Amino acid sequence: MHTFILVNCGSLSNISNGLVSITGIFEGSLATYTCFVGYKIAEHVTRTCQSNAEWSGFTPVCEST
């Protein structure tokens, strides 16, 4: 018998000068970051909920253009 464990990464907060949109809080879910007009993301626009219950990468920063 296999035990299924539901991995929960939790929700993410919006970033300064931008927003985050997530498809869910469980393993395999995606988080996509966007910046407000006049700002751009320096790196990493998306993150994934991993099997270790952590979001991949790090929270991006919206920089003034």
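Cut-off values and rules
- Throughout this document, residue positions are counted from 1 along each chain, in the order its sequence is written.
- Since the coordinates come from a predicted model, pLDDT governs what is reported: local features require at least 70, and pairs of side-chain atoms require 80 or more to be given and counted, while whole-chain, interface and lining totals use all residues.
- The basis for the side-chain values is all heavy atoms of the structure; hydrogens and waters are excluded.
- When DSSP finds two or more bridges between a pair of strands, those strands are recorded as paired.
- Only DSSP runs of H or I with at least four residues qualify as helices, and only runs of E with at least two residues qualify as strands; both kinds are numbered from the N terminus onward.
- Axis geometry follows a simple rule: fit a line to the C-alpha atoms, using only the stretch in contact for helices, then measure angles between N-to-C directions, giving values from 0 to 180 degrees.
- The criterion for a disulfide is a pair of cysteine sulfur atoms lying within 2.5 Å.
- Each residue is assigned to one of three classes by its accessible area relative to the maximum for its type, calculated with a 1.4 Å probe on protein chains only: buried under 20%, partly exposed between the two thresholds, exposed over 50%.
- Excluding any residue in a salt bridge, patches collect residues exceeding 30% relative accessible area, merging like charges within 9 Å and nonpolar Val, Leu, Ile, Met, Phe, Trp and Tyr side chains within 5 Å.
- To be clear on the numbers: accessible area is Shrake-Rupley with a 1.4 Å probe, and residue cover counts the displayed protein chains and nothing else.
- Salt-bridge detection follows one rule: a side-chain nitrogen of Lys or Arg within 4 Å of a carboxyl oxygen of Asp or Glu.

Chemist: Mind laying out the sheet that holds strand β4 (residues 46-48), listing which residues take part and the relevant values?
Modeler: Spatially, 3 strands are ordered β1-β2-β4 in an open sheet, and the strand pairing comes out antiparallel. Unpaired on one side and paired on the other, β1 (18-22) and β4 mark the two borders of the sheet. Ignoring strand direction, the axes of neighbouring strands in this sheet form an average angle of 20°. One ladder, built from 5 bridges, connects β1 with strand β2 (residues 30-35); its direction is antiparallel. Within β2, the residue paired with S21 across the bridge is T32.

Chemist: Any chance you could break down the state of the cysteines for me, citing the residues and the numbers?
Modeler: In this structure the tally under the stated criterion is 2 disulfides. Covalent S-S linkage joins C9 and C49, the inter-sulfur distance amounting to 2.0 Å. In this structure the cystine formed by C9 and C49 twists about its S-S bond by roughly 90°; its chirality is therefore right-handed. Of this pair, C9 sits in the segment before β1 while C49 sits in the loop between β4 and β5 (62-64), and the two are 40 residues apart along the sequence. With relative accessibility at 2%, the residue C49 sits in the buried group. At a sulfur-sulfur separation of 2.1 Å, the disulfide partner of C35 is C62. Handedness here is read from the sign of the S-S torsion; for C35 and C62, about -90°, the answer is left-handed. With C35 in strand β2 and C62 in strand β5, this pair connects stretches of sequence that are 27 residues apart.

Chemist: Describe in detail the pairing of β2, supporting the description with residues and values.
Modeler: Note on strand geometry: in a regular strand, side chains alternate between the two faces of the sheet. Bridge count for β2 against β4 is 3 bridges, and the pairing is antiparallel. In the strand pairing of β4, T32 is matched with T46.

Chemist: An account of a nonpolar patch on the surface is requested, with residue identities and associated values reported.
Modeler: A surface patch of nonpolar side chains, about 360 Å² in accessible area, is lined by F4, L6 and F26. Looking at the secondary structure, you find L6 in the segment before β1. With a relative accessible area of 54%, L6 lands in the exposed category.

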